Amino acid sequence: MGFVENIIKKSRLKSPWIVHFDCGSCNGCDIEVLACLTPLYDVERFGVVNTGNPKHADVLLVTGTVNHRNQHVLRQIYDQMPGPKAVVSIGACNLSGGVFKDSYNILNGAHTVIPVDVFVPGCPPKPEAIIDGVVTALNVLGAKMGLVPAPAPARMPGDEDVLQGAESA
Amino acid sequence: MNRTTVIPFGPQHPVLPEPLHIKFVVEDETVVQAVPQLGFVHRGLESLVRTKDFKQMVFVVERICGICSCIHANCYCNAIEDMLGVTAPPRAQFLRVIWSELHRVHSHLLWLGLFADAFGFESVFHQFWRIREHVMDICEATAGNRVILSVNVVGGVRRDLTPDQIRWMLEQLNELEKGVLDMSKTMLQDYTVQERTRGIGVLSKNDARLLGAAGPTLRGSGWACDERMRGYAAYKELNFVPVVEQDGDCYARSKVRFYETLHSLELIREALHRLPESELAVKLPGNPDGESVFRVEQPRGELFYYVRANGGKMLERMRVRTPTFANIPPLLHMLPGCKLPDIPVIVLSIDPCISCTER
């Protein structure tokens, strides 16, 4: 690993570029993601830049219900991002289908289509929670570059109960 | 020789966070035809009425659209209440107006910001989103969540306002109004804004009616048509006047939304001052039976609910008609003939809410 490469890696972590894809949310999570960029929360002061182009992005924020139509778009955006990359899944609908879970057109969560690194639950999660999710994603990204030790693997909220149940049985 | 080019717009696009896909057929820089493709946000929500009971459905309809969730719930609850033959108590009616108007203010401020962003005026975008946080603070303090409030239930509301909260809300509203008025000079008189919006995307008065436009798109073209004039909830007791502009271009539509924001603040203040004392919700006499229709005014226009029930816990059918659905034909009428750089301005000028439209 060359000296220059190392500098590029560290710079990518210091100023992560973010692409946001709304699969089909009710806009609740989208406006909270946008609110992170506006003056009250202003993540740009930490070097986080929102970009429209997946080829420039390090972190993918996914919101909304993944359905049979937009899963291909989501897959394409993920494939276009250069590696190493991290995915943050935001909101109850994106985690598991949420309130729409029983509906005929819904896949149960983004993790069924692409690998997800961080789960941010909530309906919608507050901007603070989203920022926290992105910071956690940066740790994941750092681990993928070999700069920091790998954090504990992400778990779907609610999975813990299932796992505990399996252990006791 | 065929000189046209097809440019795809969306589904993932920096201007609009929502997955709307439009194919633009352009000749040089001029748009000849616009072909929308929908279905990216379809969640099959209307079918959920058969698996969730009619009280649970309030929480589902709130998630049709996060920006005007309270108004969706308001409309649904009113439709079910009509079917059951009950009326929400007076205090609940006033509280519904307060929260609905808060959502309208936050939706319009959000739109004004996004609209400014569409013609490249980023500092205005940030200013509008900064003052919008006052509304989010009020929502969080009174209802417990910033975006989706879940205050409406069938038969009334779930939360009350204390006198302390009312006093605090009035202070916040004053600050909010000051912030909005500060922006009036930029939004309404600035040379740049006028250059980018005046005479763009014109919808004549007659076309607006023929194409069935709704909400600010209709009122920007000179029709005084607002569902709140019918006086549902507590609007009949409040001093409501629809905001109308004559020009029918993007500038007129942004003016309608700007003045509506100020008028909504007035309505909230009036409702807070005249909040009557009563219980918050009535007891329901049983399960709904029959069918019912209700219309309310969303920030984007007229919202229509049809529900049918057969006396069981689950409803039989629900149908929602949203204002953006009504505004897509006028949009497709406005686009041909415009220049390529004006597309984001015109598309945003109807305030598209794709998650409402496709459900």
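Calculation rules
- Sequence positions are assigned chain by chain, starting from 1 and proceeding in written order.
- As a convention, the first chain written is A and the first ligand written is 1, with the rest following in written order.
- Local features are withheld for residues below a pLDDT of 70 in this predicted model, meaning they are given only at 70 or higher, and side-chain atom pairs are given and counted only at 80 or more; totals for whole chains, interfaces and linings count all residues.
- Numbering of helices and strands starts at the N terminus; helices are DSSP runs of H or I of at least 4 residues and strands are runs of E of at least 2.
- The reference for a compact globule is 2.2 Å times residues^0.38; the radius of gyration itself is calculated from the C-alpha atoms.
- Buried means a residue has 20 or more other C-beta atoms within 10 Å of its own C-beta, exposed means 12 or fewer, and partly exposed covers the counts in between; C-beta atoms are placed from the backbone.
- Here contacts are defined at the residue level, using C-beta atoms placed from the backbone and a cut-off of 7 Å between them.
- Given the number of residues in a helix, its expected span is that number minus one, multiplied by 1.5 Å.
- For a residue, the bend is simply the angle between two axes, fitted respectively to the seven-residue segment ending there and the seven-residue segment starting there.
- To form a nonpolar core, buried Ala, Val, Leu, Ile, Met, Phe, Trp, Tyr and Cys residues must be joined through C-beta atoms within 7 Å.
- Residue type decides the class: Asp, Glu, Lys and Arg count as charged, Ala, Val, Leu, Ile, Met, Phe, Trp, Tyr, Cys and Pro as nonpolar, and the leftover types, Gly among them, as polar.
- Only the stretch in contact is used when fitting a helix axis, every axis being a line fitted to C-alpha atoms; angles between N-to-C directions are given from 0 to 180 degrees.
- Roughly parallel here means an angle under 35 degrees, roughly antiparallel means over 145, roughly perpendicular means 65 to 115, and every remaining angle is called oblique.
- Two strands make a pair as long as DSSP finds a minimum of two bridges between them.
- The quantity known as pLDDT measures the predictor's confidence residue by residue, on a range of 0 to 100.

Caption draft 1: A look at the overall build of chain B. The secondary structure content of chain B amounts to twelve helices and eight strands. The globule rule puts the C-alpha radius of gyration for 359 residues at 21 Å, and the 21 Å found for chain B is close to it. Per-residue burial over chain B gives 53% buried out of 359 residues. Considering only contacts within chain B whose residues lie at least 6 apart along the sequence, 70% involve residues at least 24 apart.

Caption draft 2: Geometry of helix α5 (residues 163-189) of chain B. All names here are of chain B. Over its 27 residues, α5 runs 39 Å from end to end, which matches the ideal 39 Å to within 8%, given 1.5 Å per residue. Within α5, the axis deviates most sharply at Met-183, by approximately 35°. The inward-facing, buried residues of α5 abut α3 (90-118), α4 (122-143), α6 (191-197) and α9 (250-273).

Caption draft 3: Spotlight on the nonpolar core. Formed by 157 residues in total, the largest nonpolar core has its most connected members in Val59(A), Leu60(A), Val62(A), Val88(A), Ala137(A), Tyr76(B) and Ile80(B). Top contributing element to this core by residue count: α3(B), with 16 residues.

Caption draft 4: Representation of the interface of chain A and chain B in the model. Facing the 33 residues of chain A at the interface are 34 residues of chain B. Per element, the largest residue contribution to the side of chain A that touches chain B is six residues, and it comes from helix α2 (residues 28-37) of chain A. Taken together, the residues of the side of chain A that touches chain B sort by class into 15 nonpolar, twelve polar and six charged.

Caption draft 5: Molecular detail of the packing of α2(A) against helix α5 (residues 127-144) of chain A. Residue and element names in this part refer to chain A. Orientation of α2 relative to α5, taken along the N-to-C sense of each, is 75°, at an axis distance of 9 Å. Of the possible angle classes, the one that applies to α2 and α5 is roughly perpendicular. Contact with α2, carried on its side by Glu-32, Val-33, Ala-35 and Cys-36, involves Pro-127, Ile-130 and Ile-131 of α5 and no other residues of that element. A breakdown of the residues in the contact of α2 with α5 according to their chemical character gives six nonpolar, no polar and one charged.

Caption draft 6: Representation of the pairing of strand β2 (residues 21-27) of chain B. Residue and element names in this part refer to chain B. Note that strand β1 (residues 4-9) and β2 share six bridges and pair antiparallel. For Pro-8, the partnering residue across the bridge sits in β2 and is Lys-23. Bridge count for β2 against strand β3 (residues 30-37) is seven bridges, and the pairing is antiparallel. Of the residues in β3, the one forming a bridge with Phe-24 is Ala-34.

Caption draft 7: Looking closely at unusual backbone geometry. The peptide bond linking Cys123(A) to Pro124(A) adopts the cis configuration, its omega dihedral lying at -15°. Structurally, Pro124(A) can be placed in the loop between β5 (118-120) and α5. Its identity is not glycine, yet Asp42(A) carries a phi of approximately 40°, on the positive side. By C-beta crowding, Asp42(A) is classed as partly exposed, having 14 other C-beta atoms within 10 Å. One non-glycine residue, Ser150(B), adopts positive backbone phi at about 50°. Among the residues examined, Ser150(B) registers 18 C-beta atoms within 10 Å and is labelled partly exposed.

Caption draft 8: Just the sheet that holds strand β7 (residues 301-310) of chain B, in detail. All names here are of chain B. Strands sit in the order β6-β7-β8 across an open sheet of three strands; the sheet is antiparallel. What marks the edges here is a single partner per strand, and that holds for β6 (289-298) and β8 (315-321). Taking the axes of each pair of neighbouring strands and ignoring which way they run, one obtains an average angle of 10° across the sheet. Judged from the six bridges that link them, β7 and β8 form a sheet pairing that is antiparallel. By the bridge assignment for β8, Phe-304 is matched with Arg-321.

Caption draft 9: Geometry of the confidence of the model for chain B. Residue and element names in this part refer to chain B. For chain B, per-residue confidence averages 85 on the pLDDT scale, and 97% of positions sit at 70 or higher. Ranking the elements of chain B by mean pLDDT puts helix α12 (residues 354-358) last with 77 and α9 first with 89. Across the predicted assembly, pTM comes out at 0.85 and ipTM at 0.78.

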